[in-house]
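Here's the letter readout for the chains.
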Amino acid sequence: MSKVYGQTLLDDMVHSQGLPLPLVKRAANEILDLIREGLARDGVVNISHFGTFRLKAVAERQGINPQTRQPMTIPAHQRVFFSPCKALRELIQPEHPAVVPIPAEQGSSRTAARSAPIAPAAPIASKQITPETITSDEPAVANEPPPAEPPVDGGTTSFTELSETQITSVHTATQPVEETRQGKTEAAVSAPVESDFEKPHEQLPSVEEAPFTIKDDEATLTGTMELESEFRPKTETEQKSSRKGYYLGGAALLVLAVVMASLLLREGDEQVEVPAQTTAESIEAPAAPAAVATTAPTTPKVETSAQQVEPEQAPAEPMAATPTPPAEQPPAAAAEEAMSAPSPATAEETVAAELASVKAKTVTAQVQAFFFSEQPYTMKNGESLWRLARRFYQAPLLWPHIYQANAAIIINPDNLLTGQQIVIPTLQGKPDQLTRTDRRNIAEGYYLTYLHYKKVGHKDAFFALLEAKRYDNKVVEEHRSLGHIRLSKVEEILLGQQETMPF
Amino acid sequence: MTTAELVKALAKRMDINQRQARLLLDAYVQAITRQLAEKNSVILRNFGSFSVKDVPEKRSYVPVKKSLCLIPAHQKLHFKAAKSLKDEVNQSPVS
């Protein structure tokens with residue numbers, strides 16, 4: 001097991017294939033470049049008789065920065081996996097190791113598997129077959145413990161009374177070891193069978209040596225009684241008490257929800273108050289030059305967070321006035337504030353401002369970066385519009401927005417081709433706060449989906465039209481007035497009932 | 001990207017015909033395979049490294065039989081992508 005580098009491969013190719021070195025060198029580089037490009041473009045590169053390079057998505061997770069030992073968030077990304085083909089697999093691991101079962105005595109549950117060490121298999125206790133067990137009424141339960149009776153020499157009346165049909169073939173194979181035994185045993189001997197039953201009487205342990213006996217303790221009796229009580233049907237009082245538990249749990253959840261909601265609303269209030277205070281005090285107190293430098297980065301972001309918070313607080317406000325893109329407001333506001341900026345007076349406000357700025361940096365800036373950049377994108381293996389919308393808008397339901405921007409390129413929105421170059425259009429507002437233009441575009445996207453589904457004969461065509469109306473009524477009305485849509489009577493009624501959401 | 005696409009692109013880039021490109025690809029893959037058969041690690045700059053790793057024996061559970069089982073120790077092929085490949089694939093530096 002040594003390390004081998006690219007040069008060794010080239011030498012191998014030169015010697016085995018007789019190829020010139022410069023050609024081989026160039027080929028090696030080009031092949032690796034192509035695999036790299038193929039992975040970046042399609043997400044999968046399959047080389048026959050070698051294996052498949054594949055990209056797999058890895059979710060975002062919490063980790064620790066190894067240098068600073070601080071917790072950090074490792075963002076979601078793609079990881080490269082290579083799965084070798086069968087020939088290569090078998091070359092490395094010649095005989096597939098068989099799965100070896102572990103006996104049941106060591107615990108046959110998953111938790112036992114994790115906790116218990118692997119111990120060698122315990123020898124299975126041999127079944128105690130004595131003549132006494134044969135006299136029992138149920139011949140199938142031959143391994144039951146023998147009753148606590150003195151050993152019987154044979155010739156029991158019960159045994160002689162048994163007819164041939166009652167004795168199973170297992171018992172007929174038993175040797176008549178007792179000469180004093182009378183009755184059926186002599187006649188019932190068949191060909192000798194190699195089994196425990198064949199052991200002569202002297203080797204079989206006596207009853208006193210039996211490994212287990214029925215314990216008639218009080219403890220076991222009460223134990224079984226308790227066990228039974230768990231599973232018997234509940235009495236009325238028990239039912240009432242268990243129902244009470246459900247009610248209490250539901251009430252507790254409701255209380256929690258109310259408390260969380262009130263806390264969230266109160267948080268919003270505090271954030272609005274803090275910048276108001278800072279601006280008030282900034283007007284009063286003159287600034288030190290150092291303070292200006294430190295606060296200049298914080299105040300713009302405080303402003304952005306305030307502006308983000310204000311629309312969030314009033315979702316019920318009518319959307320008549322299209323809000324200008326929030327990205328344009330903060331730079332203007334920041335410029336104004338930075339001009340007149342003195343420092344916030346108390347330490348509490350600086351801490352609050354810092355928290356607000358951190359929040360703004362992590363959430364708003366990232367979100368805005370996606371929302372306000374019109375990105376070209378190449379489709380990868382196994383991707384869909386829904387996934388792209390989820391990734392870029394954090395709202396997969398807005399996939400028609402992408403579809404309508406690429407309507408000329410995308411033939412079938414349900415099946416996008418790997419390597420297709422599409423454009424991810426910007427979303428002017430936010431998923432929970434769409435602008436008029438956004439809604440119109442999404443409605444257009446749904447209308448296009450409706451047309452495509454109609455053409456293809458998809459049964460969900462009409463639902464696409466309903467969704468289009470849900471986002472923007474005007475789009476549907478325009479197309480209807482132009483005569484592009486033909487509806488049945490039922491569909492007309494349903495369309496009339498569908499209302500446009502305020503969003 | 002399939003093998004055919006790879007061969008086609010290789011032929012186009014190196015200005016050779018597809019049969020020759022296929023031969024080159026096969027030769028390269030064979031060279032890697034031969035090294036791996038001897039349990040050597042193959043390290044390719046700016047791409048990644050192939051290595052053979054030992055997998056220790058391990059307890060497992062057979063749900064069909066509801067019993068434990070033991071998977072004996074064996075060897076497995078492992079590929080680790082180089083940083084430049086990871087970055088290219090993610091289209092941004094992995095922070």
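Higher on the page you've got the structure.
Residues numbered from 1 in each chain as written. Chains lettered and ligands numbered in written order. Predicted model: local features only at pLDDT ≥ 70, side-chain atom pairs only at ≥ 80, totals over all residues. Heavy atoms only, no water.

A word on helix α1 (residues 3–14) of chain B. The first and last C-alpha atoms of α1 of chain B sit 16 Å apart over twelve residues, in line with the 16 Å expected at 1.5 Å per residue. Along α1 of chain B, the residues that are buried comprise T3, L6, V7, L10, A11 and M14 of chain B. Considered in projection along α1 of chain B, the buried side chains sweep an arc of 130° and stay on one side of the axis. Of the residues in α1 of chain B, the exposed ones pointing more than 90 degrees away from the buried face are A4, K8 and K12 of chain B. Tucked inside the fold, the buried residues of α1 of chain B contact α2 (21–42) and β2 (44–47) of chain A together with α2 (18–37) of chain B. Looking at the residues trailing α1 of chain B, positive phi occurs at D15 of chain B, about 60°. (Helix = DSSP H or I, 4+ residues; strand = E, 2+ residues; numbered from the N terminus. Expected span 1.5 Å × (residues − 1). Buried < 20%, exposed > 50% of the residue type's maximum accessible area, 1.4 Å probe, protein only. Arc of directions from axis to C-beta. Contact = heavy atoms within 4.5 Å.)

This paragraph deals with the side chain of Q420 of chain A. Residue and element names in this part refer to chain A. Counting through the fold element by element, Q420 comes out in the loop between α15 (399–405) and β9 (421–424). Here the side chain of Q420 touches L417 through a polar contact of 3.2 Å, landing on its backbone nitrogen. What Q420 contacts, discounting residues up to four positions off in sequence, is Y377, T378, M379, I409 and I410. (Polar contact = N/O pair within 3.5 Å; in protein donor to acceptor, adjacent residues only side chain to side chain.)

What follows is about unusual backbone geometry. Its identity is not glycine, yet Q394 of chain A carries a phi of approximately 55°, on the positive side. Examined against the element boundaries, Q394 of chain A turns out to sit in the loop between α14 (385–393) and α15. At N46 of chain B, a position not held by glycine, the phi torsion is positive, near 60°.

Before going further, it helps to spend a moment on the interface of chain B and chain A. Tallying the contact residues gives 56 residues for chain B and 65 residues for chain A. Both faces combined, the contact of chain B with chain A buries some 6,000 Å², and carbon together with sulfur accounts for 67% of it. Considering only the side of chain B, the residues that lose the most area to chain A are M1, R13 and L68 of chain B, jointly responsible for 13% of the buried surface there. In this structure, the connection of chain B to chain A is made through five salt bridges. Counting every contact that joins chain B to chain A gives 19 residue pairs in polar contact (both at pLDDT 80 or more). Elements with a minimum of two residues in the side of chain B that touches chain A: α1, α2, β1 (41–44), β2 (48–55), β3 (58–62), β4 (67–71), β5 (74–81) and α3 (83–90) of chain B. Alignment of strand β1 (residues 3–5) of chain A against β1 of chain B, held across three bridges, turns out to be parallel. Looking across to β1 of chain B, one finds that Y5 of chain A is bridged to I43 of chain B. (Buried area = accessible area lost by both parts, 1.4 Å probe. Salt bridge = Lys/Arg side-chain N within 4 Å of Asp/Glu carboxyl O. Pairing = 2+ DSSP bridges.)

The next subject is the packing of aromatic side chains. Tallying each qualifying case throughout the model produces 16 aromatic pairs over all chains. With centroids separated by 5.7 Å and ring planes inclined at 80°, the aromatic side chains of Y377 of chain A and F392 of chain A adopt a geometry described as edge-to-face. Of this pair, Y377 of chain A sits in strand β8 (residues 375–378) while F392 of chain A sits in helix α14, and the two are 15 residues apart along the sequence. In this pair, the class of Y377 of chain A matches that of F392 of chain A, namely buried. Taken together, the ring pairs in this structure connect F50, F53 and F82 of chain A together with F47, F50 and F79 of chain B into an aromatic cluster. The side chain of K56 of chain A reaches across the aromatic face of F81 of chain A, ending 4.6 Å from its centre. (Phe/Tyr/Trp six-rings, centres within 6.5 Å; stacked < 30°, edge-to-face > 60°. Lys NZ or Arg CZ within 6 Å of the ring centre and 35° of its normal.)

This paragraph deals with the pairing of β4 of chain B. The buried fraction of β4 of chain B amounts to four of the five residues, a majority that puts the element mostly inside the structure. Across two bridges, the pairing between strand β7 (residues 100–101) of chain A and β4 of chain B is antiparallel. The residue of β4 of chain B that forms the bridge with V100 of chain A is L70 of chain B. Both β3 of chain B and β4 of chain B contribute to a ladder of five bridges, which runs antiparallel. Bridging across to β4 of chain B, Y61 of chain B finds its partner in L68 of chain B. Here β3 of chain B folds back onto β4 of chain B, and the loop between the two strands holds four residues, one of which, K66 of chain B, carries a positive phi near 55°.

Residue and element names in this part refer to chain A. Between helix α16 (residues 436–456) and helix α17 (residues 461–471), the least distance of the axes is 8 Å, while the angle of their chain directions is 165°. One way to sum up the angle between α16 and α17 is to call them roughly antiparallel. Here the hand of the crossing between α16 and α17 comes out left-handed. Contacts from R439, I442, A443, Y446, Y447, T449, Y450, Y453 and K454 of α16 reach α17 at A461, F462, A464, L465, E467, A468 and Y471. For the contact of α16 with α17, the per-class residue count stands at twelve nonpolar, one polar and three charged. (Axes fitted to C-alpha atoms, helices over the stretch in contact; angles between N-to-C directions. Parallel < 35°, antiparallel > 145°, perpendicular 65-115°, else oblique. Left-handed = near helix turned anticlockwise from the far one by under 90°. Nonpolar A, V, L, I, M, F, W, Y, C, P; charged D, E, K, R; others polar.)

Moving on, we get to the packing of helix α1 (residues 6–17) of chain A against α2 of chain A. All names here are of chain A. In contact at an axis separation of 10 Å, α1 and α2 are set at 130° when each is read in the N-to-C sense. Considering the angle they form, α1 stands oblique to α2. Considering how the two elements wind past one another, α1 and α2 form a crossing that is right-handed. Packed against α1, whose contacting residues are L10, M13 and V14, the element α2 presents L21, V24, K25 and A28 at the interface. In terms of residue class, the contact of α1 with α2 is built from six nonpolar, no polar and one charged.

Attention now goes to α1 of chain A. With twelve residues, α1 of chain A should cover 16 Å at 1.5 Å per step; its first-to-last C-alpha distance of 16 Å lies within 8% of that length. All buried positions along α1 of chain A are accounted for by L9, L10, D12 and M13 of chain A. Along the axis of α1 of chain A, the buried positions cluster into a sector of 160°, meaning they face one direction only. Check the buried side of α1 of chain A and you find it contacts β1 and α2 of chain A together with α2 and β1 of chain B.

Attention shifts here to the sheet that holds strand β6 (residues 77–84) of chain A. Across the sheet, three strands lie side by side as β2-β3-β6 (chain A); this open sheet has antiparallel pairing. Only two strands of the sheet have a single neighbouring strand rather than two, namely β2 and β6 of chain A. The mean inter-strand angle of the sheet, taken between neighbouring strand axes irrespective of direction, is 20°. Bridge count between strand β3 (residues 51–58) of chain A and β6 of chain A: eight bridges; the pairing is antiparallel. Counterpart to L55 of chain A in the pairing with β6 of chain A is V80 of chain A. Packing against the sheet, α3 of chain B makes contact with β3 and β6 of chain A, and its axis sits at approximately 120° to β6 of chain A.

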